[in-house]
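# Commentary on secondary and tertiary structure
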Amino acid sequence: MTIEKLKKIKEKNLDVVSVRRLVAEEGAKLAENTAYRKQVLVCGGTGCTSSNSMLVIEALEKELKEKGLDDILVIKTGCFGLCALGPIMIVYPEGSFYSQVTAEEVPEIVAGHLVPGGKPVKKYLYSETVHEDGSTIPLSETAFYKKQMRITLRNCGVIDPENIEEAIASDAYFALAKVLTSMTPQDVIDELLAAGLRGRGGAGFPTGRKWAFAMAQDNDTKYVCCNADEGDPGAFMDRSVLEGDPHAVIEAMAIAGYTIGSNQGYVYVRAEYPIAVQRLQLAIEQARKYGLLGKNIFGTDFCFDIDIRLGAGAFVCGEETALMTSIEGHRGEPRPRPPFPAIKGLFGKPTILNNVETYANIAPIILKGSQWYSSIGTDGSKGTKVFALGGKINNVGLVEVPMGTTIREIVEEIGGGIPNGKKFKAAQTGGPSGGCISADYLDVPIDYDNLIQIGSMMGSGGMIILDEDTCMVDISKFYLEFTVDESCGKCTPCRIGTKKLLDYLTKITDGKGEIEDLDKIQELANHMKSSSLCALGQTAANPILSTMNAFGDEYLTHIKDKKCPAGVCKALLSFTINPDKCRGCTLCARNCPVSAISGKVKEPHIIDSEKCIKCGLCISNCHFDAIVKR
């Protein structure tokens, strides 16, 4: 591959890709595309696939074939971000956004919109992308996208991730060409340091410094590793990048290889990500075929290749030394540090490890410059951050915002608020290692340092929204249960400490807690933080400590009053029937699985608290709101 050939591939595919990008990002009014009359993009990411987007594609291709519409290009893309609206289908050059599409709706859309002279079928369009007169509102002007800035996700939902030429048309591998032909390894380090890029995997360590440590090591063998083993509950950022733009990671790893003096890279990816694994493998094979991986890349003496290693789902393998131990073929357990991996890592050789999102930022920095990147974000946290937005939020999905965006902006504007008019209670960030952020901090700008100051952390980017019906003690217990299951057991503080913390929380939610337990939790958490081998144990107590700090009254109510204010902890609940509202319809009694409800027809019923298992079926079957849960 030469730079001239790379430019020709870009030019050849540019008219097809630019139609989608300009309409989506700029709302440009474009003439009909010269290569195809229309392009139909259907999300092929995991979220939409689980909602049967593949059936939509099959129906679309069948309908187009039957009608002889061979001037329409159908593309299976990565994630568009609005996962709650899947399956998603966008028609260009209009930019018409169809949401929650079914295979049964496809014939009507084809007949109404995709035939010559057709117009968008308004009833199937996402309401925020269409005016009353049926004209299209650019995605960039909708509430979900308006405050986003897509750098990591720049190609997700825009290109065909299985077509390397579309990636090249979107500037893939031009940064690698620039680095190999006009920059020294030190130039790359300087650019990353000036950009202020920090690792997006959790700790936020400066990427340029990490690469500089590895570059300085005098060793003939070095390795470049990618952590694609995101294991936080509710996190799917890295998966979406691999599914939607795998070449972004491949190119960045090659740049890293050149910078530190490595010829071999490894991507450690979860086996539970079949679509991501398949597209990554295909992308690697395409890059090799095009001479972008392998020997003498761009005619230089630089050689670099990448292999995939599948993880078996162990959360602890997200820790860098445990990940490398697993690649080596051993049980995934962390190792003491120092020495750090940049000095002694994979197979005992100098190694750098970054996650998918970090790598996805490398090429834009090289192409657009450190000054451009460092102008985005806050003083201590440059660039953007991708969040997997989930929980009690209307717009569940994938968002990318500049560092410094507030939680309020994400929740109320991008996320569309809390469903059913409920109140915001907290945002959980950082997964099992993070914490819960109360409504008091809704207007705090999000960056690495601010989140730590308010008792949480950035983590890899999961953001779970909790509403007023959430029990914060129960949430802490959920994360502790996860951590107990995922602890590798190598070190005593984590192996025993996490279990002991869970015992305390179980005791509290069972109505047997004592005030002294809160002091014991604090003491144990401090010991675990100072003596656990890796971050899994060191941060395991964070969800508890953050909720005790922000929602301490809930812990006290559980302990002193033996009540759960949110009505979640079963052991602290009681179900009674209000005789003034009960009509004696017997529905509750007939549906009770343990026959705990008795009474005569047309007379008030009663619940035997000794028999009641607190399943809630009686409430869901009562039409008169006669059953009270306390």
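The following refers to the structure shown. (Residues numbered from 1 in each chain as written. Predicted model: local features only at pLDDT ≥ 70, side-chain atom pairs only at ≥ 80, totals over all residues. Heavy atoms only, no water.)

### Some remarks on the packing of aromatic side chains
Selection criterion: Any two of the Phe, Tyr and Trp rings considered here, Trp counted by its six-membered ring, make a pair once their centres fall within 6.5 Å; the pair's planes then place it as stacked at under 30 degrees, edge-to-face at over 60, or tilted in between. Put simply, DSSP marks the helices as runs of H or I at least four residues long and the strands as runs of E at least two long, and each gets a number from the N terminus on. Each residue is assigned to one of three classes by its accessible area relative to the maximum for its type, calculated with a 1.4 Å probe on protein chains only: buried under 20%, partly exposed between the two thresholds, exposed over 50%. The rule is short: NZ of Lys or CZ of Arg within 6 Å of the ring centre and within 35 degrees of the ring normal puts a charge over the ring.
If you walk through the whole model with that rule in mind, you get 10 aromatic pairs. Taking the centre distance of 5.8 Å and the plane angle of 85° together, the rings of Tyr258 and Phe302 count as edge-to-face. Here Tyr258 is found in helix H11 (residues 246-260), whereas its partner Phe302 is found in the loop between helix H12 (274-289) and strand S7 (305-311), with 44 residues between them in sequence. Grouping residues by exposure puts Tyr258 and Phe302 together as buried. Among the aromatic residues, those joined into a ring-pair cluster are Tyr223, Tyr266 and Phe347. Of note, Lys385 hangs over the ring of Phe387, and the distance from its end group to the ring centre comes to 5.5 Å. Seen from the ring of Phe624, Arg583 lies directly overhead, with NZ or CZ sitting 5.7 Å from the centre.

### Focus: the pattern of salt bridges
What counts is decided by this rule: Within this document, salt bridges are pairs made up of a side-chain nitrogen of Lys or Arg and a carboxyl oxygen of Asp or Glu, the two lying within 4 Å of each other.
The final tally for this structure, using the stated rule, is 30 salt bridges. Two residues, Asp71 and Arg37, come together in a salt bridge whose shortest N-O distance is 2.7 Å. One end of the pair, Asp71, is in the loop between helix H3 (53-66) and strand S2 (72-77); the other, Arg37, is in the loop between helix H1 (3-26) and strand S1 (38-43), and 34 residues separate them in sequence. With a relative accessible area of 27%, Asp71 lands in the partly exposed category. Residue class for Arg37 comes out buried when judged on its relative accessible area of 17%. Via salt bridges that share partners, Lys76, Glu162 and Arg279 belong to a single interconnected network.

### Some thoughts on the nonpolar core
We count it as follows: Here, the term nonpolar core denotes a set of buried Ala, Val, Leu, Ile, Met, Phe, Trp, Tyr and Cys residues that are joined through side-chain atoms within 4.5 Å. Throughout, a residue-residue contact means that at least one pair of heavy atoms, one from each residue, lies within 4.5 Å.
In terms of nonpolar packing, the biggest core is built from 78 residues, with Tyr173, Trp211, Ile250, Met253, Phe298, Phe304 and Tyr359 touching the most fellow members. Among the elements that take part in this core, H11 stands out by supplying 9 residues, more than any other. Contacts of Phe298, omitting those with residues within four sequence positions, involve Met1, Thr2, Ile3, Leu6, Tyr173, Leu176, Ala177, Leu180, Gly291 and Leu292.

### So, the sheet that holds strand S9 (residues 384-391)
Keep this limit in mind: Two strands pair if DSSP finds at least two bridges between them. Convention adopted: a line fitted to C-alpha atoms gives each axis, helices being fitted over their contacting stretch, and angles between N-to-C directions are expressed from 0 to 180 degrees.
With respect to topology, 5 strands assemble into an open sheet ordered S10-S9-S13-S11-S12, the strand pairing being mixed. Since the sheet does not close on itself, it has two edges, and those belong to strand S10 (397-402) and strand S12 (435-438), each with one partner. Strand-to-strand twist across the sheet, computed as the mean angle between neighbouring axes with direction ignored, equals 30°. In terms of strand pairing, S9 meets S10 through 6 bridges, oriented antiparallel. From the neighbouring strand, Val386 faces S10, where its bridge partner is Glu400. In this fold helix H10 (residues 237-244) packs onto S9, S10 and strand S13 (462-467), with an angle of close to 110° to the strand it touches most, S9.

### Thoughts on the pairing of strand S3 (residues 89-92)
Both faces of S3 are covered, namely the face carrying Met89 and Val91 and the face carrying Ile90 and Tyr92. Pairing between S1 and S3: 4 bridges, direction antiparallel. Paired with Leu41 across the two strands is Ile90, which belongs to S3. Relative to strand S4 (residues 96-98), S3 runs antiparallel, the two being bridged by 3 bridges. Across the sheet, Ile90 pairs through a bridge with Phe97, a residue of S4.

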